[in-house]
Amino acid sequence: MNTITNPSARQYYIASENDVVLAYGYVDPGQRIDSGAPTFEVFTELSAYNARLAEMGVQPEDLWSGELPEDAAQARLILKARVNALRIMKLLLPVTYLEHPFQTEMQTLLDLAGLITLVRAGMPLPANFTWRAYDNIDVPMGLPELVGFGAAMANYRNGCFKYSWALKAQLDAASDPTTIDITSGWPDNANPFG
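These figures come from a predicted structure and were not determined experimentally.

Caption draft 1: How the structure looks around unusual backbone geometry. We note that N6 has phi near 40°; this positive angle belongs to a residue other than glycine. By the element assignment, N6 lies in the loop between β1 (2-5) and β2 (11-17). Unlike most non-glycine residues, D19 shows phi in positive territory, near 60°. Structurally, the position occupied by D19 is in the loop between β2 and β3 (20-27).

Following this line, the structure appears as structure tokens:
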């Protein structure tokens with residue numbers, strides 16, 4: 001049995017089994033909680049608690065608030081969760097292709113892949129086919145442009161994933177992870193092949 005009893009200051013907890021969150025919250029002075037969960041993590045820092053929740057797929061209260069803890073392991077956990085959050089934000093930015101910004105959400109990728117597959121299988125594009133850009137301009141496209149558009153999105157997305165992995169490797173290797181700049185150096189959505 002895991003127990004937090006009458007802590008001197010607020011303590012946060014995550015109860016889980018096989019990385020599936022069963023319960024989470026906090027215990028204040030004068031309170032107690034018991035948990036039979038196989039894994040029971042306790043945090044004194046809200047930022048570390050939020051980072052771990054984000055890592056486990058639960059939307060944290062606020063991943064960006066507060067100072068980073070002095071404990072390198074907790075700071076590393078928070079910074080890696082922030083890298084993941086930054087990657088999500090970067091992947092939602094429109095990608096410039098043919099001098100226009102285009103949406104890059106997963107539905108756009110699925111629509112584009114489906115259309116390219118159908119055209120390659122012999123379905124003709126409608127006459128005067130266009131793809132609507134993020135700036136609400138209809139951009140004429142044939143199969144070569146559609147494939148190029150797909151390549152631009154794939155290159156940008158792949159770059160974002162690779163950069164996030166490299167940042168997390170740097171965080172793992174650093175004795176002081178707070179020295180790693182996680183906000184600069186991301187791929188440029190306005191220049192996806194750059």
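Caption draft 2: Molecular detail of the side chain of T104. With respect to the helices, strands and loops of the structure, T104 is situated in the loop between β7 (100-102) and α3 (106-120). A polar contact is formed between the side chain of T104 and the backbone oxygen of L91, at a distance of 2.9 Å. Looking at T104, its side chain comes within polar contact range of the main-chain oxygen of L93, at 3.0 Å. In contact with T104, not counting residues within four places along its chain, are L91, L92, L93, P94, V95, L109, M153 and R157.

Caption draft 3: How the structure looks around the side chain of S16. Checked against the element boundaries, S16 lands in strand β2. Residue class for S16 comes out buried when judged on its relative accessible area of 1%. The residues contacting S16, other than those within four sequence positions of it, are V21, L22, A37, P38, T39, E41 and M56.

Definitions and cut-offs
- Residues numbered from 1 in each chain as written.
- Predicted model: local features only at pLDDT ≥ 70, side-chain atom pairs only at ≥ 80, totals over all residues.
- Heavy atoms only, no water.
- Helix = DSSP H or I, 4+ residues; strand = E, 2+ residues; numbered from the N terminus.
- Polar contact = N/O pair within 3.5 Å; in protein donor to acceptor, adjacent residues only side chain to side chain.
- Contact = heavy atoms within 4.5 Å.
- Buried < 20%, exposed > 50% of the residue type's maximum accessible area, 1.4 Å probe, protein only.

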